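Structural characterization, general
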Amino acid sequence: MRFAIYTLGCKVNQYETQAMETILRQRGHTLTDFHAPADAYIVNTCSVTAVSDKKCRNMLRRVKKMAPDSVLAVCGCYAQARPEEVAALGADVVYGTGNRLAFLDAVEQAVEERRQRLDVDDALRRKNPFEVLPAGGLTGRTRALLKVEDGCANFCTYCIIPYTRGPVRSEPLEDAVEQAKGLAKAGYQEIVVTGIEISSWGKDLGGDAALIDLLEAVCHAVPDLRIRMGSLEPRTVTEDFCRRAARLPNLCPHFHLSLQSGCDATLKRMNRRYDTARFLESCRLLRQWFDRPAITTDLICGFAGETEEEFAETLAFLRRARFSAMHIFPYSRRSGTVADRLPGQLTAAVKEARCHQAAAIAREMQAAYLTQFVGETLPVLFEETAKGAPSGEGLWRGHAPNYVEVRAWGKDLHNVLRSVAVERVAEGSRLEGRIIGEEPL
């Protein structure tokens, strides 16, 4: 069959999409562009916010209008949380966040029989083992995703994901190492270790296994590849974690610590398991053990009950933490979560205004972080031309180990690692410079 896949949401969804793509290719099927004719259109959905749900619904309607006679197959978090809504929008195959192989079997069957099927995965009603899927990257990517963990047991009051993804399941260390070796042989130069909550890796495996054990094993198995981490729970960053991580020369000095609020009272309402003092301790340790690490974060503005004074505390905290980049979101109410029932729900206008205030500070901090690297030389893994085409001559874009975007003029640099002399900060959000020498690193 001819199939097309569209992905919404996080790196885990991207990982699972490339895995499904790989499996379907191995079964003899042909990947086509999502806007081209296909026998089956697969949509991997997200449900982290109400906006995410809306994007999913819009995409499903778009597919049904574009290809009413093709099979529409839907999986992911929105399908897990709202299977009836997905089915009502015309999906022929509906699965949740588990059993990808069974999902693909169902897609093949639906294409063959052209009949409707509704089969919602019940991952939350039984504890499934970790589902090992092929690691890799989407077509044309230079970095590969290695999913090592699924599920979450934190139950932050605003989050629906523990209900859609289920409990923590970890990939065994030996399996992750073998997948990393396979990615090295496939020609990737960077691996992103990802999961729903990778800080919880190992908690279900028994013994004292921790994320740093996995990172050490993967880094040692593929010493010539960059290893980058996904989002970390701040309490993961301890003296022992930093000491061991700093000994890994191929571990990227980029640490995404989820903050969500810089006010202790708000963090408590969110059921976050740390306070601002512990978060700052994580930042201090990272800066002690690493040279100018990139510390990035997520921030939710306008959470239920957040007063002007509490938000002012958050803005002040941002400056103390000195983030290199931030993802800023207005609080989104999710039906079925504790926060949805909390008093003090704020208007969309208030939430958006607070996002703009936080974004202004984020831009200042990002520009200050980038300025440190002007006049220095950085190793850059190039990915595509600035216009998005991964070939030819022109202004190419890539990333330094700290995940700062760097642009330079060159030719045929896709998946090539080169040294770049940084000359300027551009638009306050990236670096630009010139490539040194002629040969790849």
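My aim in this report is to walk through the structure given alongside it, one point at a time. As a convention, each chain's residues are numbered from 1 in the sequence order in which they are written. Residue-level local features of this predicted model are given only where pLDDT is at least 70; pairs of side-chain atoms are given and counted only at 80 or more, and the full residue set underlies all totals for whole chains, interfaces and linings. Side-chain measures here rest on the full set of heavy atoms in the structure, leaving out hydrogens and waters.

**Quick look at the overall build of the protein**
Here is the rule: Secondary structure follows DSSP: runs of H or I at least 4 residues long count as helices, runs of E at least 2 residues long count as strands, and numbering of each begins at the N terminus. C-alpha atoms define the radius of gyration, and 2.2 Å times the number of residues to the power 0.38 defines the globule rule. Burial status follows relative accessibility: with a 1.4 Å probe on protein chains alone, a residue under 20% of its type maximum counts as buried, one over 50% as exposed, and anything between as partly exposed.
Assigned secondary structure in the protein consists of 13 helices and 17 strands. Since a compact globule built from 441 residues should have a radius of gyration of about 22 Å, the 22 Å found for the protein is in line with a globular shape. Taken over the C-alpha atoms alone, the protein extends approximately 60 × 60 × 45 Å along its principal axes. When burial is assessed residue by residue, the protein has 55% of its 441 residues classed as buried.

**Overview of the sheet that holds strand S11 (residues 294–301)**
Keep this limit in mind: Strands are treated as partners if at least two bridges between them are detected by DSSP. Lines are fitted to the C-alpha atoms to define the axes, a helix being fitted only along its stretch in contact, and any angle between axes, read from their N-to-C directions, falls within 0 to 180 degrees.
With respect to topology, three strands assemble into an open sheet ordered S10-S11-S12, the strand pairing being parallel. Each edge of the sheet is formed by a strand with only one pairing partner; in this case those strands are strand S10 (254–256) and strand S12 (325–330). Direction aside, neighbouring strands of the sheet carry axes that sit 15 degrees apart on average. As judged from the six bridges shared by S11 and S12, these two strands associate in the parallel manner.

**A few points about a negative patch on the surface**
Applied cut-off: Candidates for patches are residues over 30% relative accessible area with no salt bridge; among them, like charges are joined within 9 Å and nonpolar side chains (Val, Leu, Ile, Met, Phe, Trp, Tyr) within 5 Å. Areas reported here follow the Shrake-Rupley algorithm with a probe of radius 1.4 Å; residue values treat only the protein chains shown as occluding. Any carboxyl oxygen of Asp or Glu that lies within 4 Å of a side-chain nitrogen of Lys or Arg is treated as forming a salt bridge with it. Within this scheme the basic residues Lys and Arg register as positive and the acidic residues Asp and Glu register as negative, but His and the chain ends are omitted. Lys charges are placed at NZ, Arg charges at CZ, Asp charges at CG and Glu charges at CD.
Judged by side-chain charge, Asp 264, Asp 275, Glu 309 and Glu 313 come together as a negatively charged surface patch. Turning to its location among the elements, Asp 264 is positioned in helix H10 (residues 264–270).

**Topic: the environment of Ala 325**
Operational definition: Working rule for contacts: check all heavy atoms of both residues, and any pair within 4.5 Å makes them a contact.
Along the polypeptide, Ala 325 turns up in strand S12. In sequence terms Ala 325 and Ala 359 are 34 residues apart; their C-alpha atoms lie 9.8 Å from each other. Beyond its immediate stretch of four places on either side in the chain, Ala 325 contacts Ile 295, Thr 296, Thr 297 and Gln 366.

**Considering the packing of helix H12 (residues 308–321) against helix H13 (residues 348–371)**
Condition: Should an angle lie under 35 degrees it is considered roughly parallel, over 145 roughly antiparallel, and from 65 to 115 roughly perpendicular; all remaining angles are considered oblique. In this scheme the crossing of two helices becomes right-handed for a clockwise turn of the near helix relative to the far one and left-handed for an anticlockwise turn of less than a right angle. Note on residue categories: nonpolar means Ala, Val, Leu, Ile, Met, Phe, Trp, Tyr, Cys or Pro, charged means Asp, Glu, Lys or Arg, and polar means any other residue, Gly included.
Put simply, H12 and H13 touch, their axes get as near as 10 Å, and they point 10 degrees apart. By the criterion of interaxial angle, the relationship of H12 to H13 is roughly parallel. Seen from above, H12 lies across H13 with right-handed handedness. Between H12 and H13, the residues in contact are Glu 308, Phe 311, Leu 315, Leu 318 and Arg 319 and Arg 354, Gln 357, Ala 358, Ile 361, Glu 364 and Met 365, respectively. Class assignment of the residues belonging to the contact of H12 with H13 gives a composition of six nonpolar, one polar and four charged.

**Side note on the pairing of strand S1 (residues 2–7)**
As a reminder of what qualifies: With strands facing away from the observer, any crossover in which the path from the first strand over the helix to the second runs clockwise is taken as right-handed.
Looking at chain direction, S1 and strand S2 (residues 30–31) are connected through two bridges and run parallel. When the bridges of S2 are listed, Phe 3 appears paired with Leu 31. As for the winding sense of the linkage, the β-α-β connection from S1 through helix H1 (residues 11–26) to S2 is right-handed. Note that S1 and strand S3 (residues 40–45) share five bridges and pair parallel. Of the residues in S3, the one forming a bridge with Thr 7 is Asn 44.

**Some thoughts on the pairing of strand S9 (residues 226–229)**
Of the two faces of S9, both are covered, the one formed by Arg 226 and Arg 228 as well as the one formed by Ile 227 and Met 229. Bridging between strand S8 (residues 190–195) and S9 involves four bridges; their strand directions are parallel. What sits directly across from Val 193, in S9, is Met 229.

**Brief notes about the sheet that holds strand S7 (residues 169–170)**
The strand order across the open sheet built from four strands is S7-S6-S8-S9, with neighbouring strands paired in mixed fashion. Each edge of the open sheet is held by one strand with a lone partner, namely S7 and S9. Bridge count between strand S6 (residues 143–150) and S8: six bridges; the pairing is parallel. The partner of Lys 147 across the bridge, within S8, is Thr 194. Set on the sheet, H1 makes contact with S6 and S8; between it and S6 the angle comes to about 110 degrees. Against the sheet, helix H7 (residues 173–185) contacts S6 and S8, and its axis sits at roughly 170 degrees relative to S6.

**What about the nonpolar core?**
Heads up, the condition is: Working definition of a nonpolar core: buried Ala, Val, Leu, Ile, Met, Phe, Trp, Tyr and Cys residues. They are joined through side-chain atoms within 4.5 Å.
In this structure, Tyr 158, Phe 241, Leu 318 and Phe 323 are the most contacted members of the largest nonpolar core, which totals 64 residues. In terms of residues, this core owes the most to one element, helix H8 (residues 211–221), which gives six residues. Beyond its immediate stretch of four places on either side in the chain, Phe 323 contacts Leu 259, Phe 279, Ile 295, Thr 296, Thr 297, Leu 318, Met 365 and Gln 366. Counting 21 residues, the second largest nonpolar core, distinct from the first, contains Leu 8, Ala 38, Cys 46 and Ala 91.

**A look at the environment of Arg 424**
Convention followed: In protein, a polar contact requires one atom able to donate a hydrogen and another able to accept it; more generally it is a pair of N or O atoms within 3.5 Å, and residues adjacent in sequence count only if both atoms are side-chain atoms.
Here Arg 424 shows up in strand S16 (residues 417–426). It is 5.8 Å that separates the C-alpha atoms of Arg 424 and Val 374, two residues lying 50 residues apart in sequence. Only 3.4 Å separates the side chain of Arg 424 from the side chain of Glu 423, close enough to count as a polar contact.

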